[in-house]
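# An overview of the molecular structure
Residues per chain are reported as follows:
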Amino acid sequence: MQFRQQALAKLQSPEELDLPVRFARPQGWLVLSVTVIVMAAASVWAVTGSVASTVSAPAILTHGQGSYILQSPVAGQVTAILAEEGEQLPANSPVLKVRTSEGDTVVRTIAAGRLTGLAATIGQIISTGANVAAVEKVARAKDPLYATVYVPAENAASIPANAAVDLTVQSVPTQEYGVLRGHVKSVDRSAQSAQQIAAFLGDSQLGEQFTKDGRPVAVLVRLDKKKSTKSGYKWSSADGPPFALTSMTAAEGQIRLDDQRPVDWLLP
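Residues numbered from 1 in each chain as written. Predicted model: local features only at pLDDT ≥ 70, side-chain atom pairs only at ≥ 80, totals over all residues. Heavy atoms only, no water.

### A few points about the overall build of the protein
Helix and strand content of the protein: 6 helices and 14 strands. A total of 268 residues make up the protein; the buried ones form 35% of that total. Considering only residue pairs separated by 6 or more positions, the protein has 72% of its internal contacts joining residues 24 or more positions apart. In the structure as shown, the protein presents an accessible area of about 16,900 Å², 54% of it carried by carbon and sulfur atoms. (Helix = DSSP H or I, 4+ residues; strand = E, 2+ residues; numbered from the N terminus. Buried < 20%, exposed > 50% of the residue type's maximum accessible area, 1.4 Å probe, protein only. Contact = heavy atoms within 4.5 Å. Areas by Shrake-Rupley, 256 points an atom, 1.4 Å probe, with all protein chains shown as cover.)

Here it is in structure tokens:
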């Protein structure tokens, strides 16, 4: 009965035509304004903006000139090791001594470089042409380091000149010292086989490792220099690690590719 009286009273009351009508509260206008602004900004970005994409691939730090495998010119028994791993050797330096039926023969380096690996031990019997050592070709120990990133072949064409590269170095704690900075110096024109990679790095295992998912393209990265750091290179942290970097150190490279447009417009 009460509701009926209220309804009749409302019908009998004069129409309030002179009062303003509220279509929305101030909060509603605020939400509507923000929505319109966001949609307008998204439309502009869809036309003029771009999406940055990256490719990640295994990398290794070297002096950029490659390595070579030192092979024994004779067959016999190794009687002495005349050099140490990590030692910087000039060309024609003695590495090991082999005893043959005709006397002792000294196996020497072909070109100047750093001895990165010894595959022979004293007392070992080796054959002619056996791999006995790996030598990285570098004239001076202070020559600059480079990073070689082995990128999947399908991504190589998207790498722009001088693209920014971040390198996560295996021997450097990333959370504490960050990543190593660099820029692309060159991109090889063809994919490389395991044998080519092994010949360049002087390590057959690395050749197999970098080609397990297919033949990659080698991207040479120039490391950004910074004199104030211990390593002499630029890091995402202020100072980087408190030690120098050495060649043949493994890393993971992240290369920025060409920017991609978010929307492709179809014109009639």
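Still more to cover.
### With respect to the sheet that holds strand β8 (residues 125-126)
Here we have 4 strands laid out as an open sheet, ordered β6-β5-β3-β8, and antiparallel in their pairing. Strands with a single pairing partner mark the edges of an open sheet, and in this sheet they are β6 (103-108) and β8. (Pairing = 2+ DSSP bridges.)

### Examining the sheet that holds strand β4 (residues 88-89)
Paired through their backbone hydrogen bonds, the strands of a sheet run either parallel or antiparallel. Taken together, the 4 strands give an open sheet; going across it, the order is β2-β9-β7-β4, and neighbouring strands pair in antiparallel fashion. At either end of the open sheet lies a strand with only one pairing partner, and these are β2 (67-71) and β4. One ladder, built from 4 bridges, connects strand β7 (residues 113-118) with strand β9 (residues 131-136); its direction is antiparallel. Bridge assignment links Leu-118 to a residue of β9, and that residue is Ala-133.

### So, the packing of aromatic side chains
This structure, assessed with the given rule, holds 1 aromatic pair. On the basis of an interplanar angle of 20° and a centroid distance of 4.8 Å, the ring pair of Tyr-150 and Phe-210 is categorised as stacked. Taken together, the residues span a long stretch of sequence, with Tyr-150 in strand β10 (residues 146-152) and Phe-210 in helix α6 (residues 204-210) at a distance of 60 residues. Judged by relative accessible area, Tyr-150 falls into the buried class, the value being 2%. (Phe/Tyr/Trp six-rings, centres within 6.5 Å; stacked < 30°, edge-to-face > 60°.)

### What to know about the nonpolar core
Core analysis: the largest hydrophobic core is formed by 26 residues, its most contacted members being Val-149, Leu-167, Leu-245 and Ile-255. Listed by contribution, the elements that provide at least two residues to this core are β1 (54-62), β10, β11 (164-169), β12 (180-187), β13 (216-223) and β14 (249-256). Per-element accounting of this core gives the leading share, 4 residues, to β1. Apart from the residues lying within four places of it in its own chain, the contact partners of Leu-167 are Ala-59, Ala-147, Val-149, Val-179, Leu-180, Val-221, Leu-223, Glu-252 and Gly-253. If you look at the next biggest cluster of nonpolar residues, it comprises 17 residues, including Val-78, Val-98, Val-107 and Leu-115. (Core = buried A, V, L, I, M, F, W, Y, C linked by side-chain atoms within 4.5 Å.)

### Let's talk about the side chain of Arg-114
With respect to the secondary-structure elements, Arg-114 resides in strand β7. A residue is classified by how much of its surface remains accessible, and Arg-114, at 19% relative accessible area, is buried. Those residues within four positions of Arg-114 in sequence are excluded, and the remaining contacts are Gly-86, Glu-87, Gln-88, Ala-134, Val-135, Glu-136, Val-138, Ser-247 and Met-248.

### A look at the pattern of salt bridges
Enumeration according to the criterion identifies 3 salt bridges in this entry. Put simply, Glu-136 and Arg-114 hold a salt bridge, and the shortest N to O gap is 3.7 Å. Here Glu-136 is found in strand β9, whereas its partner Arg-114 is found in strand β7, with 22 residues between them in sequence. Each member of the pair, Glu-136 as well as Arg-114, is classed as buried. A salt bridge links Arg-181 to Asp-166; its shortest N-O distance comes to 2.6 Å. (Salt bridge = Lys/Arg side-chain N within 4 Å of Asp/Glu carboxyl O.)

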